[in-house]
Amino acid sequence: MKNFTSHTIETLLASQGVPLAAGRGERLAAGVNDLYVPDPLRAELGFDVDPTTYLKTRNQP
Amino acid sequence: MTEAATLTIAEARARLERRELSAADLLESCRRRIEAWQPRVNAFIDTQVRSPGRQAGPLAGIPLAHKDMFYRAGKVSSCGSKIRRGWVASETSAALERLDAAGALDIGTLNMAEFAYGPTGHNDHWGDCGNPWDPSYITGGSSSGSAAAVAARLVFGSLGSDTGGSVRLPAAACGVTGLKTTWGRVSRHGAMPLSHSLDTIGPLARTAEDCALLFRAIAGPDPRDPLTADASAEVDLERPIGTIALSSAWIEEDAHPAVARAVVAAARAFGVRLREVEPPPFDLLSAHCLTIMQAEASAQHAQWMRSRSQDYSAAVRARLEAGYAIPAAHYLEVLRLRSAWVERWHATLHDADVYLCPAIAVPIPTREETGPRGGPEMPRRLAQVTRLTRWVNYLGVPALVLPCGFDPHGLPIGLQLVGRLFAEETLLAAGLRFQRETDWHRASPRLA
C-alpha cells in the first residue's frame, strides 16, 4: 500500500485539524510509505486474533 | 581515596552498612561532581532535592535523579518541553513512590528529549545534553540526562523510559548499563505517556548488579496501571546461563568493524556456549514499532498539535505530523501481528537464554551530524542509530545494554542482550557474569 502522496498527507492532516507547513507533505509521504514492509506472518494471521491477543500471550505462565 | 560518588550502588551500600561512609557523604560527593560537570554535559534540569530519602530500605541513603517525566506531587515536570515548562504534577509516579519507599534520595530532574520523542539527546528548549566522554557527540536519547549523569558519576542510578530504545541508546552511547523492562513489568502510573502499547520504564546504573537493585524496587503489579503483569520481581543474580544466541555473520556484515570486533569479543567473554541463529527481521519489526509509536504518540499529542504546534521543536513536530497519516486498519493489523512475532521470537531463542547483538551498530555520531545542521545524510545517520532497538519494543521483551569497548573516536560501544518476556532475571544474571569477566563498566569519563 505504498501510495501515499503529499496531497493525501495534506488532506489527512487537514481533516484532523492538524496544521502542516507548506512542502512538508512530500517528505511525510515518503516516511509513511516506508512503514509498509511486507510481513510474512500477515498471510497466516487468524481471523480471531485481535490486539488483546498479545496480552494473553504475554500473561501465559 | 576513592571518591564516594564513583562507587557503585552495591559498593556504597556496603560502606554505609559498615559506617565507613554516611548518606551525607554520598550526597556531598554527588553535589561536588554535579557542580563541576553540569556546564559540560547539561544533564540536570533542576538540582533541588525532591525527596530526602529514608534511613531504612535497600536503597537507603543512595542519591538518584530521574528523567524529568516522572511526576512528583507538587513538583514541576517539564517533560523536556516548552509546552509543559512550569507544569506542576498533582500526584507522584508509582516508580518514584517505590524508590522513595526503598529509601533512595531524589536529588533533581534530568534532561531528556522533548516529550521523550527523540533518539539523540538534542533539546531545543532546555539545551542539548552532551556526552560525558566528549560533549560534541550525542548522548543518545531520549533518557539523555539519565545516562550522562550516571556515566559522569553525578548520581548512582536513574530511571529512564524506553519506547523505541530510550534507555538503551543513551546507555550504549554513554557507557553505562541500562535495562529495558518487559512491557507491563513496571507501572507507568504517573509517568508521561508517549505510546501506551510500547512504553516501558527501566533503570540506568553503572552495573547489572545495580540495575537489579533498582529493578527489584520498582517492578511489580499496580492497580493504577492495569496493564502491569502479576509477575515476581525477585532476581537471582547467580542464575546459571547456558547458551547465548547470536548472528555473527549479520554483525560482521552490517555493523561497523570496530563495533563488530567488540561485540563478538564480548560474546566470547561470557564463557558459555554460543549458538548461531538467523537474525530477527530487525527492519520489519522496527517498521511495525514505528507504526505503533507514531500513531499512538500523535493521538496522545493531538490537542496540542491542533492548538500549539508552534511550541514543539521542528524535529518533534515533524515526527508527530507523520502519525496522523497512518491508517487505523494498518495500525491495528500491526498490533494483531504482535503475538505471532513473539512466538516466533521465542522459537528463535529455542534453548538459548538470551540473544546478543550490538545496541548501536555504528560509532556514536556527533550532535552536529544528527542535528538540524546535519544535512541530507542526517536521516540516514539517525536510522543507523535506532536500527537495533525498536524491534525489541515491538516484541515487548526485555533487553539489557552493557558497555563492551570503545569506538575509534573514544566513545563507548554497547552490547545488547535480549531475552524472553519477563526474563529480566536472566539478562541481569548474564550481565553480572559479563561484568565479572570484564572491566568496561569501570571506565569513566574525565573532565578535560
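Residues numbered from 1 in each chain as written. Chains lettered and ligands numbered in written order. Predicted model: local features only at pLDDT ≥ 70, side-chain atom pairs only at ≥ 80, totals over all residues. Heavy atoms only, no water.

Caption draft 1: Fine view of the packing of helix H9 (residues 282-300) of chain B against helix H11 (residues 314-323) of chain B. Residue and element names in this part refer to chain B. In contact at an axis separation of 7 Å, H9 and H11 are set at 105° when each is read in the N-to-C sense. Compared by their axis directions, H9 and H11 come out roughly perpendicular. The segment H9 lies against H11, with Gln294, Ala295, Ala297 and Ser298 engaging Arg319, Leu320, Ala322 and Gly323. When its residues are assigned to classes, the contact of H9 with H11 shows 4 nonpolar, 3 polar and 1 charged. (Axes fitted to C-alpha atoms, helices over the stretch in contact; angles between N-to-C directions. Helix = DSSP H or I, 4+ residues; strand = E, 2+ residues; numbered from the N terminus. Parallel < 35°, antiparallel > 145°, perpendicular 65-115°, else oblique. Contact = heavy atoms within 4.5 Å. Nonpolar A, V, L, I, M, F, W, Y, C, P; charged D, E, K, R; others polar.)

Caption draft 2: Spatial organisation of the packing of aromatic side chains. Residue and element names in this part refer to chain B. Following the criterion strictly, the structure yields 13 aromatic pairs over all chains and no others. Between Tyr71 and Trp87 the ring centres are 4.8 Å apart and the planes differ by 65°, which places this aromatic pair in the edge-to-face class. Separated by 16 residues along the polypeptide, Tyr71 in the loop between strand E2 (63-67) and helix H3 (94-101) and Trp87 in the loop between E2 and H3 bring together distant segments of the chain. Taken together, the ring pairs connect Trp250, Phe282, Trp345, Tyr355 and Trp391 into an aromatic cluster. (Phe/Tyr/Trp six-rings, centres within 6.5 Å; stacked < 30°, edge-to-face > 60°.)

Caption draft 3: Representation of the confidence of the model for chain B in the model. Across chain B, the average pLDDT comes to 97, with 100% of residues at or above 70. In the predicted assembly, ipTM is 0.95 and pTM is 0.97. (pLDDT = per-residue confidence, 0-100.)

Caption draft 4: Structural detail: the pairing of strand E3 (residues 105-110) of chain B. All names here are of chain B. For E3, the buried fraction is high: 6 of the 6 residues fall into the buried class. With 2 bridges connecting them, strand E1 (residues 44-46) and E3 associate as antiparallel partners. Residue Phe44 lies in a different strand from E3, and its bridge partner there is Leu110. Examined bridge by bridge, E2 and E3 share 4 bridges and lie parallel to one another. Among the inter-strand pairings, Pro63 is bridged to a residue of E3, identified as Leu105. In this fold, E2 hands off to H3, which returns the chain to E3; that crossover is right-handed. (Buried < 20%, exposed > 50% of the residue type's maximum accessible area, 1.4 Å probe, protein only. Pairing = 2+ DSSP bridges. Right-handed = clockwise from strand over helix to strand, strands pointing away.)

Caption draft 5: Spatial organisation of the pattern of salt bridges. Residues and elements named next belong to chain B. Considering all chains together, one arrives at 25 salt bridges over all chains under this definition. Between Asp311 and Lys82 there is a salt bridge, with the nearest N and O atoms lying 3.2 Å from each other. Of the two residues, Asp311 is situated in the loop between helix H10 (302-307) and H11 and Lys82 in the loop between E2 and H3; the sequence distance between them amounts to 229 residues. Among the residues examined, Asp311 registers a relative accessible area of 9% and is labelled buried. (Salt bridge = Lys/Arg side-chain N within 4 Å of Asp/Glu carboxyl O.)

Caption draft 6: Structural view of empty space enclosed by the protein. Residues and elements named next belong to chain B. Taken as a whole, this structure holds 2 cavities of 30 Å³ or more when the rule is applied. Estimated volume of the largest cavity: approximately 40 Å³. Lining the largest cavity are Ala172, Val259, Ile360, Val362, Pro363, Ile364, Asp407, Pro412, Ile413 and Gly414. Ranked by residues supplied to the lining of the largest cavity, first place goes to strand E11 (residues 412-418) with 3 residues. Residues of the lining of the largest cavity, tallied by class, amount to 8 nonpolar, 1 polar and 1 charged. Each pocket or cavity is described by its volume, and for the second largest cavity that value is around 30 Å³. Lining of the second largest cavity is provided by Trp133, Gly175, Pro403, Gly405, Phe406, Pro412, Trp440 and Ala443. Ranked by residue count, the leading element in the lining of the second largest cavity is strand E10 (residues 399-406), at 3 residues. For the lining of the second largest cavity, the per-class residue count stands at 6 nonpolar, 2 polar and no charged. (1 Å grid on protein atoms, 1.4 Å probe; cavity = no way out; pocket = protein on both sides within 12 Å on 5 of 7 lines; lining within 4 Å. Points joined across faces, edges and corners; volume = space filled by probe spheres on them.)

Caption draft 7: A look at the interface of chain A and chain B. Across the contact, 36 residues belong to chain A and 40 residues belong to chain B. Across the chain A/chain B interface, buried area totals approximately 3200 Å², and carbon plus sulfur atoms make up 64% of it. Per-residue buried area on chain A facing chain B is highest for Leu35, Tyr54 and Arg58 of chain A; these three make up 25% of the total on that side. Counting the contacts that link chain A with chain B gives 2 salt bridges. Note that Glu333 of chain B is salt-bridged to Arg42 of chain A, the shortest N-O span being 3.0 Å. The interface formed by chain A and chain B holds 11 residue pairs in polar contact (both at pLDDT 80 or more) in total. Elements supplying a minimum of two residues to the side of chain A that touches chain B: helix H1 (6-15), helix H2 (24-34) and helix H3 (53-59) of chain A. In terms of residue count, H3 of chain A provides more of the side of chain A that touches chain B than any other element does, 6 residues in total. Of the residues that constitute the side of chain A that touches chain B, the class distribution is 23 nonpolar, 6 polar and 7 charged. (Buried area = accessible area lost by both parts, 1.4 Å probe. Polar contact = N/O pair within 3.5 Å; in protein donor to acceptor, adjacent residues only side chain to side chain.)

Caption draft 8: Inspection of helix H13 (residues 338-349) of chain B at higher detail. Residue and element names in this part refer to chain B. For H13, spanning 12 residues, the distance from its first C-alpha to its last is 17 Å, which sits close to the expected 16 Å at 1.5 Å a residue. Along H13, the residues classified as buried are Arg338, Ser339, Trp341, Val342, Trp345 and Leu349. The arc that holds the buried residues of H13, viewed along the axis, is 160°, so those residues lie on one side. The positive-phi residue at the C-terminal boundary of H13 is His350, with phi of around 50°. (Expected span 1.5 Å × (residues − 1). Arc of directions from axis to C-beta.)

Caption draft 9: Quick peek at the pairing of strand E6 (residues 200-205) of chain B. Residue and element names in this part refer to chain B. Within E6, 6 of the 6 residues are buried, leaving the element largely enclosed by the surrounding structure. With burial as the criterion, each face of E6 is covered, one bearing Thr200, Gly202 and Leu204 and the other bearing Ile201, Pro203 and Ala205. In this structure, strand E4 (residues 157-162) lies alongside E6, joined through 6 bridges in antiparallel fashion. Bridging across to E6, Gly157 finds its partner in Ala205.

Caption draft 10: Main features of the side chain of Thr182 of chain B. Relative to the helices and strands, Thr182 of chain B is located in the loop between strand E5 (177-180) and E6. Apart from the residues lying within four places of it in its own chain, the contact partners of Thr182 of chain B are Thr200, Gly396, Val397, Pro398, Leu421, Phe422, Ala423 and Glu424 of chain B.

Caption draft 11: Structural detail: the side chain of Asp407 of chain B. Residue and element names in this part refer to chain B. As for its position among the elements, Asp407 is in the loop between E10 and E11. Only 3.2 Å separates the side chain of Asp407 from the backbone nitrogen of Ile364, close enough to count as a polar contact. The contacts of Asp407, once residues within four sequence positions are left out, are Pro363, Ile364 and Ile413.

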